[in-house]
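Chain residues, written in single-letter form:
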Number of protein chains: 2
Amino acid sequence: MNYDRTFNFSAGPAMMPEAVLEEIRDEMMNYRGSGMCVMEMSHRSAVYQQIIDEAEQDLRDLMGIPDNYKVLFIQGGATLQFSMIPMNLMKNGKAVYIETGAWSKKAIAEAKKVGEVTVISSKDKNYTYIPDCSDLDIPEDADYVYICENETIHGTTWQTLPNTKGKILVADQSSMFLSKPCNVSDYGLIYAGVQKNVGPAGMVVVIIREDLIRDDLDNLPVYLQYKTHADAGSMYNTPNCWAIYCCGKVFKYLKKLGGLDAVNQMNIDKAKILYDFLDESKMFSGTVDKDVRSLMNVPFVTASKELDAEVVAATKKAGFDNLKGHKSVGGLRASIYNAMPKEGVEALVAFLKKFEAEYK
Amino acid sequence: MNYDRTFNFSAGPAMMPEAVLEEIRDEMMNYRGSGMCVMEMSHRSAVYQQIIDEAEQDLRDLMGIPDNYKVLFIQGGATLQFSMIPMNLMKNGKAVYIETGAWSKKAIAEAKKVGEVTVISSKDKNYTYIPDCSDLDIPEDADYVYICENETIHGTTWQTLPNTKGKILVADQSSMFLSKPCNVSDYGLIYAGVQKNVGPAGMVVVIIREDLIRDDLDNLPVYLQYKTHADAGSMYNTPNCWAIYCCGKVFKYLKKLGGLDAVNQMNIDKAKILYDFLDESKMFSGTVDKDVRSLMNVPFVTASKELDAEVVAATKKAGFDNLKGHKSVGGLRASIYNAMPKEGVEALVAFLKKFEAEYK
């Protein structure tokens, strides 16, 4: 059916699969004979328990999450995780953070309130590359190494995980979550705000190795202890039930697409269309090193701010949405998450090509 | 239209107005020509800014919130507020908490992690009354007095606010929010999880007097500072955009009903039907002092646990949902929030009457 939907290149919240939205719409007044909308359900009811159980199981299936990892659904966004991670994982009060852009920078600021932070950074070139982390100088008693695996604003992604020399790896996967296969055992903790690649804003998924969940943190606010959420199946207090429901539908949708291998191939194909164009174009160019280009967030610029602004205005007029780049990078940014159809990228490239050809 | 919806007496999440759900359903695939669902919208877009602005303004209109109060939308539920309140408001590290049930008890446990707490309690009679707070012994340097204005589990509500002797009053209004008029100026801070009387779980509304927002708390996690949310119009990070959208619709719906005076009268009328029955019944009785009965949560019991269970099973079979009482009170509990239609309460009372009459 034609709903006259736009190609929405927002960095997040972002597009969701149309088929998922249709299902949600159709279950709005009465979810599968329950007599109520999911928003109205007691989180302690059997009907809701099945929704959250299936969401967790489908995510476990998709990512191949080992049994010794807990899956937690927590509110407060990545921003609250910036604090929860050091508060829960800094036993020795020390960690190594790799600063590759705006989001790891914010995480570092919060971690510094909790303990001592060693920073390795690519700030010197405005985060256009990822530092060589094959032989890091990691303090003996560091509790973990932290990365932002895909920088939404700067448009870089890690190709090879850092060599943590046996230390725990913690990764913010917000803007690449479920975009490709992931070997969960490589990490101690993975987390992702779901509003970029999965569902509605207001929830993070935390995947944490069980032995990292401490029970000696009684003095921390109860909400900030991973133990609280792990012990109660993410229902110590009322979770974001709606987000769990919507994300659960997306998990099923991705399984039906063929799982993360298939999704990855789609994302590679989609991004290639845009990057190939940028590499050929005389007017537009990508802003980061080619070997660390993100498949999800593609920042690009023209030679001048004025022309950047002109292109953004033209795309908007042509019905493409949210292509303005973040102020710290400038230019344009196309976020092409899982749910962005290939046709959307093709249409954008066709438009940019035409714009360039007709520009005097 | 008949959607075959059930009368859902859940303590929360709970019923929402059918007309609101219909609107949400109809806007699912393309919100008012934006080309996208609200779940897909950048929170930095003009179309979303209008949604959050209207939600705030409609809430201000409904409650008559003075200009020197900020309205904040924060994730993490009441549970996170249990910690944020003492972390932000305890300047002298001291507060008075009135313990009237399960929820104030939990708030006290979190406050004790932050400072010194004086507790006045009705625990001696399993929280069936509200302590006399007309002449409290409040420490000179106490930062605030805290109440849970309606105890969801125990079914009591404050009729007269405590005499705080000039100290700031902090109130958890979760299970009575927008159920009746509220003189906001009587409080320093009001907060409410929205999943009982307004919308979907995953958000609290915090109404805080501006002068209580401190700017000397840089060492606190950034998410836990009220200043963070106040300075950024609740959008320092991505908020629960969907909950704000749904709650905004409910605010408009309540305004159309005639505002909180009209809503209050409806709630009084509705609760009277149930309480009158309980007072007449030989089989059922309310569990709390009549003068502090909640209009929202009505716990009641029979003479035995076996009979309680039998009634719960019978109501369920008859199509009423979530009437089982909380384990700490037992028996049954009917939560009859704003969105529970009068017909629902009438039908329940008719059923209970019949059950009693036919019981041998």
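Reading guide: rules and limits
- Residues numbered from 1 in each chain as written.
- Chains lettered and ligands numbered in written order.
- Predicted model: local features only at pLDDT ≥ 70, side-chain atom pairs only at ≥ 80, totals over all residues.
- Heavy atoms only, no water.
- Helix = DSSP H or I, 4+ residues; strand = E, 2+ residues; numbered from the N terminus.
- Polar contact = N/O pair within 3.5 Å; in protein donor to acceptor, adjacent residues only side chain to side chain.
- Contact = heavy atoms within 4.5 Å.
- Axes fitted to C-alpha atoms, helices over the stretch in contact; angles between N-to-C directions.
- Parallel < 35°, antiparallel > 145°, perpendicular 65-115°, else oblique.
- Nonpolar A, V, L, I, M, F, W, Y, C, P; charged D, E, K, R; others polar.
- Phe/Tyr/Trp six-rings, centres within 6.5 Å; stacked < 30°, edge-to-face > 60°.
- Buried < 20%, exposed > 50% of the residue type's maximum accessible area, 1.4 Å probe, protein only.
- Lys NZ or Arg CZ within 6 Å of the ring centre and 35° of its normal.
- Domains from an automatic or database assignment.
- Salt bridge = Lys/Arg side-chain N within 4 Å of Asp/Glu carboxyl O.
- Expected span 1.5 Å × (residues − 1).
- Pairing = 2+ DSSP bridges.
- Buried area = accessible area lost by both parts, 1.4 Å probe.
- Right-handed = clockwise from strand over helix to strand, strands pointing away.
- Least-squares fit on C-alpha atoms with pLDDT ≥ 70 in both.

1. A few points about the side chain of A:Ser294
All names here are of chain A.
- Structurally, serine 294 is set in the loop between strand 11 (285–286) and strand 12 (297–301).
- A distance of 3.0 Å separates the side chain of serine 294 from the backbone nitrogen of asparagine 297, its partner in a polar contact.
- Once residues lying within four places of it in the same chain are set aside, the contact partners of serine 294 are Asn150, Gly155, Thr156, Thr157 and Tyr275.

2. Some details on unusual backbone geometry
- A cis geometry characterises the amide bond from A:Gly12 onward to A:Pro13, with omega recorded as -10°.
- In this structure, A:Pro13 sits in the loop between strand 1 (7–8) and helix 1 (18–26).
- Even without glycine at this site, B:Arg32 takes up a positive phi of about 45°.
- The phi angle at B:Leu178 is positive, at roughly 65°, despite the residue not being glycine.
- Locating B:Leu178 in the fold gives a position in the loop between strand 8 (168–172) and strand 9 (189–193).

3. A look at the packing of helix 6 (residues 241–257) of chain B against helix 7 (residues 259–280) of chain B
Residues and elements named next belong to chain B.
- Closest axis-to-axis distance for the helix 6/helix 7 pair is 7 Å, and the angle between their directions is 80°. The orientation of helix 6 with respect to helix 7, classified from their angle, is roughly perpendicular. Along its contact with helix 6, which presents Leu254, Lys255 and Leu257, the element helix 7 presents Gly259, Ala262, Val263 and Met266.
- The residue makeup of the contact of helix 6 with helix 7, split by class, is five nonpolar, one polar and one charged.

4. So, the packing of aromatic side chains
- Overall, the coordinates contain 21 aromatic pairs over all chains when judged by the stated rule.
- Note on A:Phe9 and A:Phe320: the rings are 6.2 Å apart at their centroids and 50° apart in plane angle, and the pair reads as tilted. Highlighted residues: A:Phe9 in the loop between strand 1 and helix 1 and A:Phe320 in strand 13 (residues 320–321), separated in sequence by 311 residues. Just as A:Phe9 is buried, A:Phe320 falls in that class too.
- The interplanar angle of 55° and the centroid separation of 5.6 Å between the aromatic rings of B:Phe320 and B:Phe351 together place this pair among those described as tilted. Here B:Phe320 is found in strand 13 (residues 320–321), whereas its partner B:Phe351 is found in helix 9 (residues 342–358), with 31 residues between them in sequence.
- For B:Phe320, a relative accessible area of 8% gives the class buried.
- Taken together, the aromatic side chains of A:Tyr31, A:Trp242, A:Tyr245, B:Tyr31, B:Trp242 and B:Tyr245 make up a single cluster linked through ring pairs.
- Positioned above the aromatic ring of A:Tyr129, the side-chain terminus of A:Lys125 is 5.7 Å from the ring centre.

5. So, the domain arrangement of chain A
Residues and elements named next belong to chain A.
- Here the domain parsing of chain A yields domain 1 (20–257) and domain 2 (259–358).
- Measuring from the centre of the C-alpha atoms in domain 1 to the corresponding centre in domain 2 gives 27 Å.
- Every contact between the two is made by 28 residues of domain 1 and, on the other side, 24 residues of domain 2.
- Our count for the domain 1 to domain 2 interface comes out at zero salt bridges.
- For the pair domain 1 and domain 2, the number of links is 11 residue pairs in polar contact (both at pLDDT 80 or more).

6. Focus: the environment of B:Ile153
Residue and element names in this part refer to chain B.
- Note on placement: isoleucine 153 falls in the loop between strand 6 (150–151) and strand 7 (156–157).
- Residues isoleucine 153 and alanine 11 lie 142 residues apart in sequence; the distance between their C-alpha atoms is 8.0 Å.
- With residues near it in sequence (within four places) discarded, isoleucine 153 still touches Ala102, Trp103, Pro299, His326, Ser328, Val329 and Arg333.

7. Points about helix 2 (residues 46–63) of chain A
All names here are of chain A.
- For helix 2, spanning 18 residues, the distance from its first C-alpha to its last is 26 Å, which sits close to the expected 26 Å at 1.5 Å a residue.
- Those residues of helix 2 that sit buried are Tyr48, Ile51, Ile52, Ala55, Asp58, Leu59, Arg60, Leu62 and Met63.
- Contacts from the buried residues of helix 2 go to strand 2 (69–74), strand 9 (189–193), strand 10 (204–209), helix 6 (241–257) and helix 7 (259–280).
- In the stretch just after helix 2, glycine 64 is the one whose phi turns positive, near 60°.

8. Looking at the sheet that holds strand 11 (residues 285–286) of chain B
All names here are of chain B.
- With antiparallel pairing, three strands are arranged side by side in an open sheet as 11-12-14. Each edge of the sheet is formed by a strand with only one pairing partner; in this case those strands are strand 11 and strand 14 (332–335).
- Where strand 12 (residues 297–301) meets strand 14, four bridges bridge the pair, whose relative direction is antiparallel. Paired with valine 298 across the bridge in strand 14 is alanine 334.

9. A look at the side chain of B:Asn237
- Residue placement: B:Asn237 occurs in the loop between helix 5 (226–231) and helix 6.
- B:Asn237 sits in the buried class, given a relative accessible area of 9%.
- A polar side-chain atom of B:Asn237 sits 3.3 Å from the main-chain carbonyl oxygen of A:Gly76.
- Looking at B:Asn237, its side chain comes within polar contact range of the side chain of A:Thr79, at 3.3 Å.
- Dropping the residues within four chain positions of it, B:Asn237 is found in contact with A:Gly76, A:Gly77, A:Thr79, B:His43 and B:Tyr223.

10. Here's the deal with the interface of chain A and chain B
- Counting residues at the interface gives 62 residues for chain A and 62 residues for chain B.
- A combined buried area of about 4,700 Å² lies between chain A and chain B, and 60% of that area is made up of carbon and sulfur atoms.
- Contact with chain B buries surface across chain A, with A:Met29, A:Met39 and A:Glu40 losing the most and accounting together for 17% of the total.
- Applying the counting criterion to the chain A and chain B interface returns two salt bridges.
- A salt bridge links A:Glu40 to B:Arg5; the shortest N-O distance between them is 2.7 Å.

11. Remarks on the pattern of salt bridges
- With the rule as written, the count across this model stands at 44 salt bridges over all chains.
- Residue B:Lys252 is joined to B:Glu54 by a salt bridge in which the shortest nitrogen-to-oxygen separation is 2.9 Å. Residue B:Lys252 is found in helix 6, and its partner B:Glu54 is found in helix 2 (residues 46–63); the two are separated by 198 residues along the sequence.
- For the salt bridge of B:Arg209 with B:Asp211, the shortest nitrogen-to-oxygen distance reads 2.7 Å.
- Connected through shared salt-bridge partners, A:Glu54, A:Asp58, A:Asp61, A:Lys252 and A:Lys255 make up one network.

12. A look at the sheet that holds strand 11 of chain A
All names here are of chain A.
- Across the sheet, three strands lie side by side as 11-12-14; this open sheet has antiparallel pairing. Two strands in the sheet have a free side with no partner beyond their single neighbour: strand 11 and strand 14 (332–335).
- Along the sheet, helix 7 makes contact with strand 11, strand 12 and strand 14, crossing strand 12 at roughly 15°.

13. Some thoughts on the pairing of strand 4 (residues 116–121) of chain B
Residues and elements named next belong to chain B.
- Two strands pair when backbone bridges link them, and strand 3 (residues 94–99) and strand 4 are joined in this way by six bridges, in the parallel orientation. Each residue of the ladder has a partner; that of isoleucine 98, found in strand 4, is isoleucine 120.
- Crossover strand 3 to strand 4 through helix 4 (residues 102–111) is right-handed.

14. Side note on the relation of the copies chain A and chain B
- Overlaying chain A on chain B yields an RMSD of 0.0 Å, the required transformation being a rotation through 180° with an accompanying axial translation of 0.0 Å. Taken together, the rotation angle and the small translation identify this as a two-fold axis.

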